Amino acid sequence: MHGIAFDVAHLLAGSLVLISFMMLYQDRLYALLNVFALHALVLALSVAWQAFTQHAPHLYVTAAIALIFKAIIIPVALHRIIQKLGIHRDIETVVGIGLTMLVGIGLVALSMALMLRVTSAADPLAREDLTFALSVVLLGLLIMITRRNAVSQVVGFMSLENGLVLAATGAKGMPLVVEFSVAFSILIAFIVIGVFLFRIRERFDTVDDRALDDFRGERR
Amino acid sequence: MAVAANRSRAATPLIYGATLAVCVTAFLLALRYLLSEPVAAAVLTLPLGLPWIGAHLRLDALAAFFLIIVNLGSAMASIYGLGYGRHEKTPHRVLPFFPAFIAGMNLVVLADDAFTFLLSWEFMSITSWALVMAHHRDEGNRRAGYIYLVMASFGTLALLLAFGLLAGQSGNYEFSMIRTAHHTPLIVGLVLVLLLLGAGSKAGLVPLHVWLPLAHPAAPSHVSALMSGVMTKVAVYGFIRVVFDLLGEPMWWSSIVVLVLAGGTMVLGILSALFETDLKRLLAYSTIENIGIIFVSLGLALAFQADGMGWAAALALTAALFHALNHSIFKSLLFFGAGAVLTATGERDLDKLGGLIHRMPVTSFAFLVGCVAISALPPLNGFASEWLIFQAILQSPVVPQWGLKIMLPAVGGLLAFSAALVAACFVRAFGTAFLGRPRTPAAERAREVDRYSLAAMLGLVALCVLTGILPGLVIDGVSPVTQALLGARMPAQTGIPWFSIVPIAQGRSSYNGLLVLLFIASSASLAAFVIHRLASRAVRRGLPWGCGLPGLTSAMQYTPGSFAQPLRRVFGTVTFRARERVEMPRPGDMRPARLTVEMRDLIWDGLYAPIVAIIGFAADHLNRLQFLTIRRYLSLVFLSLVTLLLVLTLWS
């Protein structure tokens, strides 16, 4: 278990966090989608490596789901949505990049400080995995709140979900049914969000959620 | 027990009849259990409720005694409902909930684990709430129902916390486990406070009583009788069960808390009743006063038990249980009477009644007996139980703690004071409603109510007299309860000749209801005989002397307001901030003279109004949260998550 297996798992999970950071500062939508596809690819690799080291063939299915849905279908579909909406030139960040990165670093530090302490009894691989997974989840939330564009919020949500899958595969013996249902619910969520995107677009000629707030007559 | 509702015409007698049969059976079973030789408690575990735990039911002496109260009241209410229910415009709003309410009360008494107890407690609350809301088109009833629901949820929350503390970390929610567990003084104190909040709010302890005078009169009269006469007793049961049975040895200071609350409850309850003009609300306020009396007695029992005086504690507890039984009897009787007045005249405002004794003689007689009983006049049952309570108070010099030594006579004074006010209150109620001349055409046209209602009332009258002249039987019937809870009992009374009762020893004090009855009956008939024989045999009818004024009208007689005026001036100015304003027009002015009385409920103003204001303020300001942007919501989620994680990190 130790040696190369641990190192590779560590490397893959660490790169997931790194790619989350990369997503934080992408201000072009296409670039963001590409980074997200990379995120999903690394997740698939990580899950596959877990399947290999844990000798758990059902994890290969999870990896395949991650690869097919998250690395291929969803990015491609979002690409087409962006094309259709004609927003591929939009640039948006709410908070400055430097500040966002600093907050992200703080979040990773928080998740390390918390998880490494709480799981002191677990085996080192699970500890590392949970720590990285929590970081990815928090960074995904951070992406969601630092963006205005609905498409990039969807991407943030998806990357958050990647973190959950990472946590789940790190713990041994999660049943396949759970992974299936998680993957399925993500797909449904994606469809629903996609439909809503078009509805919002139809109504307000934009997918910037400021339009929604204006419509509700909000003061900001 | 719950009978499925149907909307046909036959539903009313069918459901009340079935409820009556079930209640009588349950009553007889409980009575047989209580009167039989001490047998082990019957335990039953039903595979219902929480999985793998089930519902535990248990019948012991205490439960049997309260089952008697519950089912006696319910049976009488069913008989009354047979007649009274016919006047109901929307019977299907009452019929389904009536048996369910009774079933809920029975289950509370039988429950043997916290889960079953709380579930049936809440079931009882909800069904009674539905009954309060039976006439929901009235704005006042809706407000009453709302306040009742809030207070009932609050009470259940307090009980939930109390049982949670009792179960402790091991999480044993069965009463048998709680009984054997050891509780620290802190837990005992907290549980006592929570119980006073939970059971006290259901029973109507001041200051948690605000819902009671609103909700009890709002329900149909036989349900009012059940709520006032029986449901408050179920709350008393809950208090006794936990404090005397589950909590173990009481602390002496806990009795002080109970006594202070109970004393305040008594006085405030009866003062409110004294100034009330709505007949049913008056009865509801008087219920609060009687709950105060019962809790005074329970507080005495706690004090004596904490000091190891088992015999005195048994005396006080017996008095409390006896008074609970009595109150359920005469309060049901009075509510039935108020219901009969309501059916006959459509009015429950004392200002609009009067002279009903000529139109409704049987109801008037029954109501009068109820008034005499509740005013604790011998030889009826109210006197017997209050006399026992005074006997218990007279034992106070033996208590070692100085606090209690001073406290107990003070509470005794309050009890005597409120007993006198009760008499005044019911003289006023009976006098203005039944005596004098009718004040409105509605009261003039009143007709006697149906036979079922009269049968129920007369049955309760008989019970008032029976328990009044044979208190020894009740005392001996209660003795298994005190034996089980306190390990002591009052001396056996049935062996004493002439049905006397001797609470402590022959030399100290004794009371004989039968002799008092015989004496009153013989002296009264002798006096009547002497007057009629020796003075004048003829019945003369003449014009009353009107102080020289020509023609007496019904507006010239005492009104409820004028009858209570002296007491209102003495006590009302302090307790209710009563202000009177007299508007006397100048001579020649055609305006009528007016007397306006303003009274404020200080407890509502001081305790509930601020709470309502705080909740309104918070709701107004939290309302902004409804209109945040999507990103702000997400940020809120994110921030709270990070904060929780931070707390977790820094905590460990």
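Small disclaimer: the values here were computed from a predicted structure and weren't measured.

**Q** So what's going on with the UniProt feature "transmembrane region" (unreviewed entry) in chain A? Residues and values would help.
**A** All names here are of chain A. UniProt records the feature "transmembrane region" (unreviewed entry) for residues 6–25, 32–52, 58–82, 94–118, 130–147, 154–174 and 180–200 in the present numbering. What you have in residues 6–25 is 95% helix and 0% strand, and the ends, taken at the C-alpha atoms, are 30 Å apart. For residues 32–52, the helix share is 100%, the strand share is 0%, and the end-to-end C-alpha distance is 30 Å.

**Q** Describe the pairing of strand E2 (residues 55–59) of chain B, listing the residues and the values that go with them.
**A** All names here are of chain B. Counting buried residues in E2 gives 5 out of 5 residues, a clear majority hidden from the surface. Here E2 shows a buried face lined by Ala55, Leu57 and Leu59 and a second buried face lined by His56 and Arg58. Bridge count for strand E1 (residues 42–46) against E2 is 5 bridges, and the pairing is antiparallel. Bridge assignment links Leu44 to a residue of E2, and that residue is Leu57.

**Q** So what's going on with the domain arrangement of chain B? Which residues, and what values?
**A** Its domain assignment divides chain B into domain 1 (10–248) and domain 2 (607–651). On a C-alpha basis, the centroid separation for the pair domain 1 of chain B and domain 2 of chain B is 37 Å.

**Q** Requested: an account of unusual backbone geometry, with residues and values cited.
**A** All names here are of chain B. The omega torsion across Val206 and Pro207 is 5 degrees, close enough to zero to call that bond cis. Here Pro207 shows up in the loop between helix H7 (185–203) and helix H8 (212–218). Look at the link from Pro378 to Pro379: it is a cis peptide, with omega at 10 degrees. You can see Pro379 is positioned in the loop between helix H14 (361–374) and helix H15 (381–393). A positive phi is found at Ala376, a non-glycine position, where the angle reads about 60 degrees.

**Q** Help me get a handle on the packing of helix H11 (residues 279–306) of chain B against H15 of chain B, residues and values and all.
**A** All names here are of chain B. Contact geometry for H11 and H15: axes closest at 10 Å, N-to-C directions at 35 degrees. The two elements H11 and H15 cross, and the hand of that crossing is left-handed. Between H11, through Ile293, Ser297, Leu300 and Phe304, and H15, the contact on the second element is made entirely by Glu386, Ile389, Ala392 and Ile393. Its residues placed into classes, the contact of H11 with H15 shows 6 nonpolar, 1 polar and 1 charged.

**Q** How would you explain the packing of aromatic side chains if you had to name every residue and give the values?
**A** All names here are of chain B. For the structure shown, the criterion picks out 21 aromatic pairs over all chains. Between Phe417 and Phe571, the ring centres sit 5.1 Å apart and the planes meet at 65 degrees, which makes this aromatic pair edge-to-face. Note that Phe417 is positioned in helix H16 (residues 402–434) and Phe571 in helix H22 (residues 565–575), a separation of 154 residues in sequence. Classification of Phe417 by relative accessible area gives partly exposed; the value is 26%. Among the residues examined, Phe571 registers a relative accessible area of 25% and is labelled partly exposed.

**Q** Can you explain the side chain of Thr146 of chain A? Please cite residues and give values.
**A** On the secondary structure map, Thr146 of chain A appears in helix H5 (residues 124–146). A polar atom in the side chain of Thr146 of chain A sits 3.2 Å from the backbone oxygen of Ile143 of chain A.

**Q** Which residues make up the nonpolar core, and what values go with them?
**A** Of all hydrophobic cores here, the largest spans 193 residues; its most connected members are Phe66, Met105, Phe239, Phe244, Phe295, Leu298 and Phe426 of chain B. If you tally residues by element for this core, the top one is helix H12 (residues 310–345) of chain B, at 22 residues. The residues touching Leu298 of chain B, leaving out its near neighbours within four places in the chain, are Val236, Phe239, Ile240, Phe244, Leu317 and Ala320 of chain B. The next biggest cluster of nonpolar side chains, apart from the first, holds 60 residues, and it includes Leu43, Leu107, Val137 and Leu138 of chain A.

Rules behind the numbers
- Residues numbered from 1 in each chain as written.
- Chains lettered and ligands numbered in written order.
- Predicted model: local features only at pLDDT ≥ 70, side-chain atom pairs only at ≥ 80, totals over all residues.
- Heavy atoms only, no water.
- UniProt positions renumbered as here; feature names shortened; annotations may be inferred.
- Helix = DSSP H or I, 4+ residues; strand = E, 2+ residues; numbered from the N terminus.
- Buried < 20%, exposed > 50% of the residue type's maximum accessible area, 1.4 Å probe, protein only.
- Pairing = 2+ DSSP bridges.
- Domains from an automatic or database assignment.
- Axes fitted to C-alpha atoms, helices over the stretch in contact; angles between N-to-C directions.
- Left-handed = near helix turned anticlockwise from the far one by under 90°.
- Contact = heavy atoms within 4.5 Å.
- Nonpolar A, V, L, I, M, F, W, Y, C, P; charged D, E, K, R; others polar.
- Phe/Tyr/Trp six-rings, centres within 6.5 Å; stacked < 30°, edge-to-face > 60°.
- Polar contact = N/O pair within 3.5 Å; in protein donor to acceptor, adjacent residues only side chain to side chain.
- Core = buried A, V, L, I, M, F, W, Y, C linked by side-chain atoms within 4.5 Å.

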